[in-house]
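# Coordinate inspection notes
What follows is the residue order along each chain.
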Amino acid sequence: MKIKYTDSLIIGGGLAGLRTAIATSAKGLSTIVISLVPVKRSHSSAAQGGMQSSLGNCIMGEGDNEDVHFADTVKGSDWGCDQEVVRMFVQTAPKAIRELASWGVPWNRIKKGDREVVINTKKTTITEKEEAHGLINARDFGGTKKWRTCYTADATGHTMLYAVTNEAMRLGVQIEDKKEAISLITKDGQCFGAIVRDLKKGGLTAYVAKGTLIATGGYGRIYKQSTNATICKGTGHAIVLNAGGYMGNMEAIQFHPTPIVPSGILLTEGCRGDGGVLRDKDGYRFMPDYEPEKKDLASRDVVSRRMLEHIKKGKGVMSPYGEHLWLDISILGRKHIEKNLRDVQDISKTFNGIDPADKDKKGWMPVLPMQHYSMGGIRVTPKGESVNIKGLFSCGESACWDMHGFNRLGGNSVSETVVAGMIVGDYFGDFCKKNNINIDTKMVEDELNKQDDYLNNLLKLDGDENIYDIKNEMRIIMQNFVGIFRNGKDLKIAVEKLKTLLQKSKNIKIKNKCRLLNPELEEAYKVPMMLKVALCVAKGARERTESRGAHHREDFLKRDDKNWLNRTISYWKNEDDLEPTLKYEKLDIMKMEMPPAFRGYGKKGNSIENPISQKRQNEVDKITKEHKGDRYELQEKLMPYELQEIYKEKNQRLGDENE
Amino acid sequence: MSREITIIALKYNPSDETSKPRFAEYKLPETAGMTLYIALTKIKTTIDHDLSSDFVCRAGICGACGMIINGKPRLACKTLTSEFKDGKITLLPLPTFPLIKDLSVDTGSWMKNMNIRVNSWIVSTQKTDISKFEKKIEPKVAEDIFELDRCMECGLCVASCSTAIMKENFVGAVGLNRVVRFSIDPHDERNDADFYELIGDDDGIFGCMSLLACEDHCPKNLPLQTKIAYMRRKMVMV
Ligand SMILES: Cc1cc2nc3c(=O)[nH]c(=O)nc-3n(C[C@H](O)[C@H](O)[C@H](O)COP(=O)(O)OP(=O)(O)OC[C@H]3O[C@@H](n4cnc5c(N)ncnc54)[C@H](O)[C@@H]3O)c2cc1C
Ligand code: SF4
Ligand code: FES
């Protein structure tokens, strides 16, 4: 039996996992990070736009602080988030970015004096302050009051991931790539590590640890079309489900309006920000018909919904890859594109052979809303520990910590990964230090044998199903029935179909009988995992009879704070169940710093109010009115929260003296 | 009308004793905008479930999918099948890196060794107070560092380098570029003598024979030769 021992085991080597590893090794704990791919290729490297952090250095960010960032994030979440976690996050984000700067992220820096920018499609001149020269710059992003998104051109995730990996290597973190966790070792509600498959040789090893943390990213690939990397399959979630662990809000899925077809590579929102428009098969600009006010620049979820609505009316463009719409930036002119949208041009030229600067139809790029981000995930406490399995932690996109609720803001995700790595990593390290486990080798051996037998049995199956067909069907079901528009009828069908597929996946036949490196065998064990994740999404969506954030029900159009101000918990009760069991975790309005109200965008009056919201609002107003002292003390009165002292420190800003 | 294309790929599983290297030939209809990622996915899901390759981002960002494509090291996900007029595309795994199976190679271990070899991280004795202002950096300097930081460790420069093929420990253009990147970073306290310690030998800066293949094949168009020459001038003076 192959066993490896470590203090901390971290499954996943994206930004979240590696920043956690830095935290645990700083505590002197032996730390192993495993990853499907060389860690610098993790999906974090694909983040383009930037990282939110309320430094308030640049002139358009002036006046920004934790309070403003907090309000933006809570509204963005459509009040589905945990407000205490959001507070922890916004307080630490400026520290995270300053730490990253010291590790070498070449953040774009402010140049004093005048510069020309485009605001509301109009050229405008802004003047950066002398004292801000050389500090970290920020750009504009959707859903934020201030310019708060810090960046390195359009490769922010890449530079962040390289800096964090380099720092982890400097500290001697053991990074093992081409390794896949296929199950957790658990007993009596506690986790003792994982069974890991070597993707270079095919063998299994038990990794035994005092604490295990999952940072495996999102699960976008359960959808036919997604901006996510090919490895974002949710296997990290599935191994937790298989161990009986709880998921939170799995139905909360974000769709982005303009990935390019068919590759699903993202085209930035800047295309429309600068004045680009969407067109249908007749070349007609349709958005003003639906959204007379905001037109093509309505919020992400609204534009995505309108696009699909239009396709359903028969206005989509047919292609070998299904229907799509056009994104036209040719109207901006070649000069503008080659200067300001260079990368969009590069992507479009390389992957579609289309130069978007070409005049008229020739330059139109095929786009379609696609799955983009998983708000839901492994349900954890504010300290990052699983709510029902001891010794198991999670952070980053894989976790439902839960700072995004039902919609996350652009730039808040890479920011969450490093911030959670700092905060949760520290708590996780403390846990590993304290937790002296007595390893029951029998238990480890049992789990290893169980997985070994499972793989051998998969090879022996002699059914008539094909695992690739099952996978393809799952992804189409998710795309068509659990997409942007959802309704009870479709969701019911989806759940039933997915259950049938899960059943079918036990009746397959694998052609190649090789036990070691065998891509077909890999599909055979991964697809059932993906199906379980998909079932949590579909069933959660079926039961949630309201519309909140990215979860949109055609048959229940309103946000329902009276009945649905809660978090969906899904889990696998018995191993052989074909669907998850659901229950709900209530959100307590009386504890909120910002009780539910209008988001400030989207339709007004589109919610079923909870009378407690007003009661709490009155209370908040009263405390605020009577408060004497600074904003930090007021915040403490409204909603105290726990956070490590070093992270709670005040963040220094230009203009602090005016506060 | 769509044409039929032929993809010829090396198949070999070194961890299986019965496996012998051979070429497999696949024919499939070409679709509009087809990349090698789309083509290979089609092959893997419909014709040959056993074919292995490395795709992650499929967007030319992560550097995972380097292959020898009709004789040239390139990123497969960024290569369109329509580029090949006769519709015939031959794929080989990247040389220099250990073969895992078929078109899948182990770039991870090679890059890890390189990173450790050149101490690819900020070296500083300063303790940063993260609640206080960050160190100010000239905007132009940040941009220059960013340019070199764009390297995605795809290994195409290594796969096209004669020195790297002959010398197992040569750090390659990727390693030398990394050293330049840190040498211009104001956060890093190392001086030329420190860098000389790391790369002042034939496995480092003096191994390069200036054949330029690295720069020709770098998908990020990094100015590798200029930067290597710059570093060599500095290292000669140490
Ligand atoms: C195209 C695109 C652009 C984006 N742009 C932005 C942006 O501009 N700003 C922003 O804030 N957010 C952005 N996001 C979102 C953001 O990039 C991700 O949410 C974030 O990077 C996730 O980081 P992570 O560390 O949680 O996971 P990942 O970076 O996805 O890492 C997951 C890790 O887990 C490993 N892994 C997975 N399963 C297993 C297993 N079973 N066993 C072992 N290892 C496993 C993987 O190998 C990998 O190392 C973008 C997302 C996309 C798709
Ligand atoms: S220098 Fe260029 S070719 Fe070499 S690894 Fe980096 S990106 Fe690839
Ligand atoms: S798959 Fe990432 S560069 Fe090709």
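Every value quoted in this text rests on a predicted model; they were computed, and no experiment measured them. The residue count restarts for each chain, going from 1 along the sequence in the order it is written. Key to labels: chains lettered from A, ligands numbered from 1, both in the order written. Local features in a predicted model are, by the rule used here, given only for residues with pLDDT of at least 70; side-chain atom pairs are given and counted only at 80 or more, and totals for whole chains, interfaces and linings are based on all residues. Excluded from the side-chain calculation are hydrogens and water; included are all heavy atoms of the structure.

## Comments concerning helix α14 (residues 488–504) of chain A
Residues and elements named next belong to chain A.
- Secondary structure elements follow DSSP: runs of H or I no shorter than four residues count as helices, runs of E no shorter than two count as strands, and numbering proceeds from the N terminus. One fewer than the residue count of a helix, multiplied by 1.5 Å, yields its expected span. The terminal C-alpha atoms of α14, which comprises 17 residues, lie 24 Å apart, in line with the 24 Å expected from a rise of 1.5 Å per residue.
- Looking at α14, one finds that the buried residues are Gly488, Asp490, Leu491, Ala494, Val495, Leu498, Lys499, Leu501 and Leu502.
- Contact between two residues is taken to exist if any of their heavy atoms lie within 4.5 Å; hydrogens are not considered. Residues of α14 that are buried in the fold lie against α13 (467–481) and α15 (519–543).
- In the analysis that follows, any N or O atom pair within 3.5 Å is treated as a polar contact, provided that within protein one partner can donate a hydrogen and the other can accept it, and provided that, for residues neighboring in sequence, both atoms belong to side chains. The distance from a side-chain oxygen at the start of α14 to the backbone nitrogen of Lys489 is 3.1 Å, and the residue carrying that oxygen is Asn487. Only protein chains enter the accessibility calculation, which uses a 1.4 Å probe; a residue whose area is less than 20% of its type maximum is buried, one above 50% is exposed, and one in between is partly exposed.

## Concerning the sheet that holds strand β14 (residues 325–328) of chain A
All names here are of chain A.
- The three strands are arranged β13-β14-β15 in an open sheet whose pairing can be described as antiparallel. Looking at the sheet topology across the chains shown, the edges are occupied by β13 (277–279) and β15 (365–367). The mean angle between the axes of side-by-side strands here comes to 40 degrees, regardless of whether they run parallel or antiparallel.
- Each pair of strands is called paired provided DSSP finds at least two bridges between the two strands. Examined bridge by bridge, β13 and β14 share three bridges and lie antiparallel to one another. Note on definitions: angles span 0 to 180 degrees between N-to-C directions of axes, and those axes are lines fitted to C-alpha atoms, for helices only across the stretch in contact.

## A closer look at the confidence of the model for chain B
- pLDDT measures the predictor's confidence residue by residue and takes values from 0 up to 100. Looking at chain B as a whole, its pLDDT mean stands at 95, while 100% of the residues score no less than 70.
- Two summary scores accompany this predicted model of the complex, namely pTM at 0.96 and ipTM at 0.98.

## Things to note about the pairing of strand β4 (residues 72–75) of chain B
Residue and element names in this part refer to chain B.
- Burial along β4 is one-sided: Pro73 and Leu75 are buried, and none of Lys72 and Arg74, which face the opposite way, are.
- Where strand β3 (residues 66–69) lies against β4, four bridges are found, and the strand directions are antiparallel. Following the sheet pairing, Ile68 is matched in β4 by Pro73.
- The turn linking β3 back onto β4 is made up of two residues, and Asn70 within it adopts a positive phi angle of 45 degrees.

## Comments concerning the packing of aromatic side chains
- Aromatic contacts are taken between Phe, Tyr and Trp rings whose centres are within 6.5 Å, Trp giving its six-membered ring; a plane angle under 30 degrees counts as stacked, one over 60 as edge-to-face, and the others as tilted. Throughout the structure, instances matching the rule amount to 10 aromatic pairs over all chains.
- Taking 5.7 Å as the distance between ring centres and 90 degrees as the angle between the ring planes, the aromatic pair formed by Tyr223 of chain A and Phe255 of chain A counts as edge-to-face. Of the two residues, Tyr223 of chain A is situated in the loop between β10 (204–214) and α5 (235–242) and Phe255 of chain A in strand β12 (residues 253–256); the sequence distance between them amounts to 32 residues. Neither residue differs from the other here; Tyr223 of chain A and Phe255 of chain A are each classed as buried.
- On the basis of an interplanar angle of 80 degrees and a centroid distance of 6.3 Å, the ring pair of Phe286 of chain A and Tyr290 of chain A is categorised as edge-to-face.
- By relative accessible area, which is 14% here, Tyr290 of chain A ends up buried.
- By the ring-pair criterion, three or more aromatic residues cluster together here, those being Phe393, Phe428 and Phe431 of chain A.
- In this scheme, the term charge over a ring applies when either NZ of a lysine or CZ of an arginine sits within 6 Å of the ring centre and within 35 degrees of the ring normal. Directly above the ring of Tyr162 of chain A sits Lys40 of chain A, whose terminal nitrogen or CZ lies 4.6 Å from the centroid.
- Over the face of the ring belonging to Phe182 of chain B we find Arg181 of chain B, whose NZ or CZ atom lies 4.4 Å from the ring centre.

## Things to note about the pattern of salt bridges
- Put simply, a salt bridge is a Lys or Arg side-chain nitrogen that is within 4 Å of an Asp or Glu carboxyl oxygen. All chains considered together, the criterion is met by 75 salt bridges over all chains.
- For Arg544 of chain A, the salt bridge is made with Glu251 of chain A, and the minimal N-O distance between the two is 2.9 Å. With a gap of 293 residues between them, Arg544 of chain A in the loop between α15 and β20 (559–560) and Glu251 of chain A in the loop between β11 (247–248) and β12 connect regions that are remote in the sequence.
- On the basis of relative accessible area, Glu251 of chain A is assigned to the buried category, the value being 1%.
- A salt bridge links Asp188 of chain B to Arg190 of chain B, with the nearest nitrogen and oxygen atoms 2.8 Å apart. No difference in accessibility class separates Asp188 of chain B from Arg190 of chain B, as the two residues are buried.
- Among the charged side chains, a network of salt bridges with common partners joins Asp78, Glu251, Arg544, Glu546, Arg548, Arg559, Asp561 and Arg599 of chain A.

## Digging into the site of ligand 2
- As a structural note, the neighbourhood of ligand 2 is formed by Cys151, Met152, Glu153, Cys154, Gly155, Cys157, Val174, Cys218, Pro219, Leu222 and Leu224 of chain B.
- Residue polarity follows a fixed list, in which Ala, Val, Leu, Ile, Met, Phe, Trp, Tyr, Cys and Pro are nonpolar, Asp, Glu, Lys and Arg are charged, and the others, Gly among them, are polar. Per-class residue counts for the shell around ligand 2 are nine nonpolar, one polar and one charged. For this purpose, a residue is taken to be near a molecule or strand whenever a single non-hydrogen atom of the residue falls within 4 Å of it.

## Comments concerning the site of ligand 1
Residues and elements named next belong to chain A.
- In the vicinity of ligand 1 there are 39 residues, among which Ser42, His43, Ser44, Glu397 and Ser413 approach most closely.
- Between Ser44 and ligand 1, the recorded distance is 2.5 Å, taken from a side-chain N or O atom to an oxygen atom.
- The Shrake-Rupley method, run with a 1.4 Å probe, gives the accessible areas here. Residue values count only the displayed protein chains as cover. Burial of ligand 1 by the surrounding chains reaches 97%, relative to a free accessible area of 1,000 Å².
- Mapped by element, the contributors of at least two residues to the shell around ligand 1 are α1 (15–26), β2 (31–35), β8 (179–187), β16 (370–374) and α11 (412–434).
- Here the residues of the shell around ligand 1 are counted per class, giving 14 nonpolar, 21 polar and four charged.

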